Each structure stands twice: as C-alpha cells, then as structure tokens.
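Structural overview for review
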Amino acid sequence: MGVWLNKDDYVRDLKRVILCFLIVSMAVVVDTDQDFYSLLGVSKTASSREIRQAFKKLALKLHPDKNPNNPNAHSDFLKINRAYEVLKDEDLRKKYDKYGEKGLADNQEGGQYESWNYYRYDFGIYDDDPEIITLDRREFDAAVNSGELWFVNFYSAGCSHCHDLAPTWRDFAKEVDGLLRIGAVNCGDDRMLCRMKGVNSYPSLFIFRSGMAAVKYHGDRSKDSLVSFAMQHVRSSVTELWADCLTSQTRLRLSGMLDGLVNVGWMDCATQANLCTSLDITTSSTAYFPPGATLNNKEKSNVLFLNSLDAKEIYLEIMHNLPDFELLSADTLEDRLAHHRWLLFFHFGKNGNSNDPELKKLKTLLKNEHIQIGKFDCSSAPDICSNLYVFQPCLAVFKGQGTKEYEIHHGKKILYDILAFAKESVHSHVTTLGPQNFPANDKEPWLVDFFAPWCPPCRALLPELRKASKHLYGQLKFGTLDCTVHEGLCNMYNIQAYPTTVVFNQSNVHEYEGHHSAEQILEFIEDLMNPSVISLSPTTFNELVKQRKHDEVWMVDFYSPWCHPCQVLMPEWKRMARTLTGLINVGSIDCQQYHSFCAEENVRRYPEIRFFPPKSNKAYQYHSYNGWNRDAYSLRIWGLGFLPQASIDLTPQAFNEKVLQGKNHWVIDFYAPWCGPCQNFAPEFELLARMIKGKVKAGKVDCQANAQTCQKAGIRAYPTVKFFPYERSKRNIGGEQIDSRDAKEIAALIYEKLENLQKHGMRNKDEL
C-alpha cells in the first residue's frame, strides 16, 4: 500500500532529510572516540563537584586560547566540553550510561564554549573551598530541610558583584565554620532552582532553617556584618556558672556550635570561691563536665580541662568526648528494632567504628522524629548483618517493624545528607531487598529499583522513590536492590544499566523510562493501573489502526526508548491520552523493537506523531504533527482539530428560538474569528461539547458576524462562555458567565448548576 503524500508533505520530508544530515554532521564534529569519563579523568562514581573540578583543570590546559599553534586544539576542546555537558546533566548522564552516545543522538550540545578567562576566573567559583558546599538542584532541599542552619549564596558566574563578594564569602565561611552550614548555588547551572527561591538578582544571600521561612540578607557585604547577621540566627545561650578567660563572643559561638548537645556557662570565682577551690581552680580555665561528672578535686573527677581559647578547637575536643551512640547487642537487636524507629550504624570491630564526631548531633536533630540512634558491631554477629545484606560499614533506618522493614543509606556520609535520608526514610515505604525477600512470586505489585551505590543518577532517584511511595501506600510496594551485592539476581533479570526501575505485577513486567521525579513516577503507575495509551505491535497496528471502523480515529506515537525527545514526550503523551478518553484512540509503537516495521511505514525520525482520521475511500491517509510544542495541551488541540464539529453554529434567529425560547440547557461560546485565544479555545470547547452531549447542548456565536446578538448578551471580551439553563420562567438573555477555559472544569460547573436546579425544582414541587 502506498503512502498518501501531497506537495507539502514532499517539501516537509525534504526538510527532514536536510535536518537529519545536519544532525549527523554535528555529531561528526563533536565525536569523542573515547569514553566520556576517561576523557575527563574521573570515575563513574564521580560527584558533580568532582566532574566540574576535572573539567576546569582540563579546560585551563587544553583551551584553544592557550594553544594557538595547535591545529587540533578546537576539536580536542570540543570533546572534553561535550563530555562535561553530558556528565553534569543527570538525565543525559543516565542515558549515556545506559545507551552510550547512541542515546544522545537528539542532544548535540557542546559545540560552543567560553573564553579561557571564563574558566579561570568565573567557572566553579567555590568548588575548591572545603567550608563552602556547592548545592545543586537535587541536593538543595535535602540540605536546607535537614534541620541545620544554612546561609546560602545564590550567584551567577558572569556577575562582577558575585566575584567581588567571593573572597569575603570564603573568609566568612572559615570564621563561622561549625556554627552553621555555608552553601553556594550557581544560578547559571540551576536557573529553575533560583527562580523557585525568588532569586532575581545576584548575589542573593538567604538564611534557611527547616520549619521557618527563608530570611534574605540586605546588609553590607563585609565579613563582620555577615557574621553579625548569622549570629542573630544561631541558637545560643550562656549561663553564669564558672570563670574562664573566653570572650563573650567566643562563649556565644561555642554555645551555638554545641546547641542541644552541651550547655555553655561561665562562673566568677571571686563570688564562687568555694566551688572553684573544690575543683582546685586557681587561674582562669575552661572545663567540660560530662554527664555524671563529680565536683571533687580534678584528680578524682572526670572533668575535662581545656587549654585552648579558640571556639572551634574547644568545640572539636568536646565533640570527641561526647558519649558515643548506644551499642545494641545481638540478643536484644530484634526486640529493640520492633518497638522503636532506629538509625543504626553498622561497623566491623573497632577499626570500623571511627564515625565523624559531627554525627553526634544526629541525636538532637532527630529528636522530634522520635528516631533513636545506635550502633551494631557486625563482627559480633556476622549472620545478622549478612541477613540484612550489610557487608561493609554503613547505616540504615529501621521503621519500627524489626528487621522486616528497613532501608540502607547510600548517600554521602555527612551530617546533612544523613539527616535528610533519616527523615525521608522513616516516613516512606521503601525497603531494602535481597534474595530472601525479593518479590519474585508475590501476588502484590512491586516497584523494584535495580541500582548501584556508586551511580550518581541512582542516588538521585532514591529520594524521589521515597516521595512516590508515600502517595501509593497500600497500592504498590517499593523496594531497592543493590546490584553490586546481588549481581546474580540482577543478571537473572537482565539488568544492563543503572538505575533500572521495574514494576512487577505477577506475570507482567513494566520498565520505567521517565525522568527521576516522584510526579512522573506517580503518572507512570497511574497509567499502568488505568492505561490511556495502547502499546501497539505491527499486528495490532494493522488490526486496530489500519482496519479501524469508519467512525474511529487514532493518534500514534512512533518512538525509540533511547531517544531523548521521545522520553520527554512520553509523560505528556500519556497525560494527553487521559484527556481524550472516549474521543480519540491513542497508541504508541516501539521502533527499536519493531525497526523494520517502522521503516516500512516511512518513519524517518523519532518521535513521529501521526493522526489517522475517520476511514474514507481514499488511499492510506494520515497527518503528521509538525508543531514546535509537544506538550499535552498542544497535542490535544491538534488532535481535536481533526474531529467533526460537535457544537452548533447559531445565527441570531437560531439563538433566539433554540437558546432563549427552547426547552434545552445550552452552553454558548461567544467568539471572534480573528481572536487568537478564541482559536486556541475552540478545540477545548469541542471537547466540552462531547463531554456534555445528551444533557446540555453546545453552541457557538460568531460575534463579528452577529454583533447585535453578542451586544444584547452582554459580551465584552472574546472568548466568553455562558450557560443558559432551561427554566419554566422566561430565560435571561445574559445567561450565567463561566470564567474557566478548561473543558473538565466547565463540565463540572455545569453539572453542579444542573444539580442545584433539580433540587430547587423538587423543593418547589414539595411546597405545592
């Protein structure tokens, strides 16, 4: 069967061929011939910060500005620039890890780059400062919601004021290190995050603490002013107890650093001579009294006397001397975990028990979550740890169900990341899986995430799974499987890339290919439960589409799983399909799986969207979508535009006779042909007409041709939607205006009005 084409189709196809040639040409220009990770000299486990640092080092060395006599400098730099552009982007990195460069065919960035001076002075301003944490979009929420105090600098690399502030911000970060967290967000890389936080100028400095509104700093940008502002938000109090030679400012800082852990006070030995004598204190001293400390002379007491006058040094020494977490025994472990929530540190003998003293803050910061903190020595009971799939030092959250429901932490071993994990995990329903509890034959549906802890996209997906699990509790179970530990099980399910997320529903298996967001995971699950898009094979395409009934219409998406625009389209395609249920059949066909079939159908690019109108005696006919926007709204309008009109065009006479004097309920679209919003609304009104068919009639009045009718109806703007309900009394020519432009909302409003009319009629009947 031939393909029906006209002159426009021929021109369009010629343009596609040229576009494909250009894309291939671009691909040749930036062809790397080498693994992206190797090009940058980083491992597959590299963090965003490590990738930026590696790229910056290479950029300064290989930039064409620094190599004017090297004819290959431009092409060499394009290679590392392309590698950086891919690996810094979470979605592109996942596709590259899974499909290689083939998966990036529709994304050919990396052809442009900045001057050498940019990479030297503007790029990654704070990446080399240990006291400043560069936060990206994924890390930001976890950090500022951890419970710690954060002071964040939102900056842009091209902003001169941001560069002027940078040395002061570094000095300030060193000054307050330990008191609060100092962060930086590059708004050039994370524009959406900065917009969401209301950042409209650079640099913008904000204080964040979980549970309170962000506070913007408006003072001058000196170190002293920044310190003074920060100290206003540090919780600190000093009680008069003992004598020391610390300044009041140092005492306040120390109090802030130790907030919730140790009380800070001072004592005047001139007025408390007896107490100082009992401690054998003859000169100014600083002392730490641990729980249970005695007030005898210092040879017999366990009071720790400190020689330093520096707040940071005193803080570190006290942190090292704070009591360690409770050590749980093998005999009581199950019982303890069954009655309380726990954050448990697993170690292997004394050598594995060197926790960062900062982590001792966990007990205070997780107090409101009712999470207890403990340790377990796996060398004392290796079978217990083996059954929990713990083979190296790590930590896990147990959710009050013993060892049945728990989740191992795979993020950074730093305070704010652990805090975010504990708070998320204890309220979510994600559990760690292994051979013993893998849902191979489970009757209940499961979402299983096959991952590797070293994989950054895997770690980015985990918090999104936790969010989704809370919404689907009772409908779907969530689990994670570490393929570095359970390699055999992952091989059994042919897992070739990380993360691979699969829904198991008895004999049915569905792989998730969408973005790493809870919202799209929820949409994916909703679509599995109530499919809106029919997955077509060559056989079903012929049966359902080519041999469709005369009054049936179809929209079909020809796609390939590795194609980035296809992945972006898929959730929009499903969202669109849900709004067209009962009106247009929506399908999709995998051209990677059915490559030869798609070639026979002349599919030359992905995604290819086609509309198949009602069958006629003409040759095989379809319309291809060539719009710029592939969102659900645009695609829905395009598809509805091919349907026969369901509404009625009304003349002034018809409006008077059928609407004002008739015995039906009417909803009317008053429009003007030249009006852009009217043209956009027209398909939506057609959708409404089909939704309310049989209960309410839908009509359209052209206000350009029938100006007097529209004037009498009180129409002042286009489009205007009005509802004219039928009542025994004379109908009002002005009707009831409806402000919504969404078909579902309008239908809901009309049905609500009809219900009220019915109730009103029943009351009148009862009164009679």
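Thresholds applied
- Residues numbered from 1 in each chain as written.
- Predicted model: local features only at pLDDT ≥ 70, side-chain atom pairs only at ≥ 80, totals over all residues.
- Heavy atoms only, no water.
- Helix = DSSP H or I, 4+ residues; strand = E, 2+ residues; numbered from the N terminus.
- Buried < 20%, exposed > 50% of the residue type's maximum accessible area, 1.4 Å probe, protein only.
- Contact = heavy atoms within 4.5 Å.
- Areas by Shrake-Rupley, 256 points an atom, 1.4 Å probe, with all protein chains shown as cover.
- 1 Å grid on protein atoms, 1.4 Å probe; cavity = no way out; pocket = protein on both sides within 12 Å on 5 of 7 lines; lining within 4 Å.
- Points joined across faces, edges and corners; volume = space filled by probe spheres on them.
- Nonpolar A, V, L, I, M, F, W, Y, C, P; charged D, E, K, R; others polar.
- Core = buried A, V, L, I, M, F, W, Y, C linked by side-chain atoms within 4.5 Å.
- Pairing = 2+ DSSP bridges.
- Axes fitted to C-alpha atoms, helices over the stretch in contact; angles between N-to-C directions.
- Salt bridge = Lys/Arg side-chain N within 4 Å of Asp/Glu carboxyl O.
- Parallel < 35°, antiparallel > 145°, perpendicular 65-115°, else oblique.
- Disulfide = S-S within 2.5 Å.
- Left-handed = near helix turned anticlockwise from the far one by under 90°.

Brief notes about the overall build of the protein chain
Secondary structure summary: the protein chain contains 28 helices and 29 strands in total. Here the protein chain holds 768 residues, and 49% of them are scored as buried. Sequence-distant contacts in the protein chain: of pairs separated by 6 or more residues, those separated by 24 or more amount to 72%. For the protein chain, the accessible surface area stands at approximately 38800 Å², while carbon and sulfur atoms represent 49% of it.

Topic: empty space enclosed by the protein
Counted according to the given criterion, the structure contains one cavity of 30 Å³ or more. In terms of lining residues, the largest cavity is bounded by Asp91, Lys94, Lys95, Lys98, Tyr99, Glu513, Gly514, His515, His516, His564 and Gln567. Residue assignment for the lining of the largest cavity shows that the elements contributing at least two residues are helix 5 (90-99) and helix 22 (564-579). Take the lining of the largest cavity: its biggest share by element is five residues, from helix 5. A per-class count over the lining of the largest cavity returns one nonpolar, five polar and five charged.

Considering the nonpolar core
Among the nonpolar cores identified, the biggest contains 35 residues, and Met555, Trp573, Met576, Ile584, Val667, Leu688 and Ile750 are the most heavily contacted of them. When residues of this core are traced back to their parent elements, those giving at least two are helix 22, strand 23 (608-612), helix 24 (632-640), helix 26 (676-691), strand 28 (720-724) and helix 28 (743-767). With 27 residues, the next largest nonpolar core counts Tyr155, Ala166, Leu179 and Ala184 among its residues.

Things to note about the sheet that holds strand 12 (residues 371-377)
Taking strand neighbours across the sheet as the criterion, the five strands line up as 10-12-11-13-14 in an open arrangement whose pairing is mixed. The sheet terminates laterally at strand 10 (326-327) and strand 14 (406-408), the two strands that pair on one side only. When strand 13 (residues 394-399) meets strand 14, the two strands line up antiparallel, connected through three bridges. Directly across from Ala396, in strand 14, lies its bridge partner Ile408. Strands in contact with helix 17 (residues 415-427) are strand 11 (341-347), strand 12, strand 13 and strand 14; relative to strand 13, the strand with the most contacts, it is inclined by about 30°.

Quick word on the layout of surface pockets
In this structure, the second largest pocket encloses a volume near 1300 Å³. As for the second largest pocket, its lining consists of 47 residues, and the residues nearest its centre are His510, Glu511, Tyr512, Glu513 and Phe524. Contributing elements (two or more residues each) for the lining of the second largest pocket: helix 5, strand 18 (500-505), strand 19 (508-512), helix 20 (518-529), helix 22 and strand 22 (585-590). For the lining of the second largest pocket, the leading source of residues is helix 20, giving seven residues.

Topic: the pattern of salt bridges
Taken as a whole and assessed by the stated rule, the structure comprises 22 salt bridges. Among the salt bridges present, the one from Lys88 reaches Glu85, with a minimum N-O distance of 3.7 Å. According to the relative accessible area criterion, Lys88 is partly exposed, its value standing at 37%. Across the pair Glu424 and Arg466 runs a salt bridge whose closest N-O atoms are separated by 2.8 Å. With Glu424 in helix 17 and Arg466 in helix 18 (residues 456-471), this residue pair connects regions lying 42 residues apart in the sequence. A relative accessible area of 6% means that Arg466 is categorised as buried. A cluster of three or more residues bridged by salt bridges with shared partners is formed by Glu407, Glu424 and Arg466.

Description of the sheet that holds strand 3 (residues 181-186)
Strand order in the open sheet made by the five strands is 1-3-2-4-5, with mixed pairing throughout. The open sheet has two edge strands with one neighbour each: strand 1 (132-134) and strand 5 (215-216). Relative to strand 5, strand 4 (residues 204-208) is paired through two bridges, and the arrangement is antiparallel. Note on strand 5: the bridge partner recorded for Phe206 is Lys216.

Points about the packing of helix 24 against helix 26
Packing of helix 24 against helix 26 brings their axes to within 9 Å, and their N-to-C directions diverge by 70°. The angle between helix 24 and helix 26 places the two elements in the roughly perpendicular class. Along the contact surface, helix 24 presents Tyr633, Arg636, Ile637 and Leu640, while helix 26 presents Asn680, Pro683, Glu684 and Leu687. Grouping the amino acids of the contact of helix 24 with helix 26 by side-chain chemistry returns five nonpolar, one polar and two charged.

Overview of the environment of Asn200
By the secondary structure assignment, Asn200 is in the loop between helix 9 (191-196) and strand 4. Taking the C-alpha atoms as reference points, Asn200 and Cys187, 13 residues apart in sequence, are found 9.9 Å from one another.

Topic: the environment of Tyr498
Following the sequence through the fold, Tyr498 ends up in the loop between helix 19 (487-492) and strand 18. Distance in space between the C-alpha atoms of Tyr498 and Pro453 is 9.5 Å, their sequence separation being 45 residues. Every residue in contact with Tyr498, bar those within four places of it in the chain, is listed here: Phe450, Phe451, Ala452, Trp454, Cys455, Cys458 and Cys483.

Some details on the state of the cysteines
Counting across every chain of the model gives eight disulfides. At a sulfur-sulfur separation of 2.0 Å, the disulfide partner of Cys187 is Cys194. Judged by the sign of its S-S torsion, about -90°, the bond between Cys187 and Cys194 is left-handed. Each sulfur of the disulfide joining Cys675 and Cys678 lies 2.4 Å from the other. Torsion about the S-S bond of the Cys675 and Cys678 cystine: about 85°, corresponding to right-handed handedness. The pair Cys675 / Cys678 is uniform in exposure class, with both members buried.

What to know about the side chain of Ser425
Among the structural elements, Ser425 can be located in helix 17. With near-sequence residues (within four places) excluded, Ser425 lies in contact with Val397, Lys399, Glu407 and Arg466.

Focus on helix 18
Counting buried positions along helix 18 gives twelve out of 16 residues, so the element sits mostly inside the fold. Of all the positions in helix 18, only Pro456, Pro457, Cys458, Ala460, Leu461, Leu462, Pro463, Glu464, Leu465, Arg466, Ala468 and Ser469 are classed as buried.

Overview of the packing of helix 8 (residues 160-175) against helix 10 (residues 223-233)
The description of two packed helices rests on the angle between their axes and on the distance between the axes. Contact geometry of helix 8 with helix 10 gives a least axis separation of 9 Å together with a crossing angle of 45°. It follows from the interaxial angle that helix 8 and helix 10 lie oblique. Crossing of helix 8 over helix 10 shows right-handed handedness. Mapping the contact onto sequence places Thr168, Trp169, Asp171, Phe172 and Glu175 in helix 8 and Lys223, Leu226, Val227 and Ala230 in helix 10.

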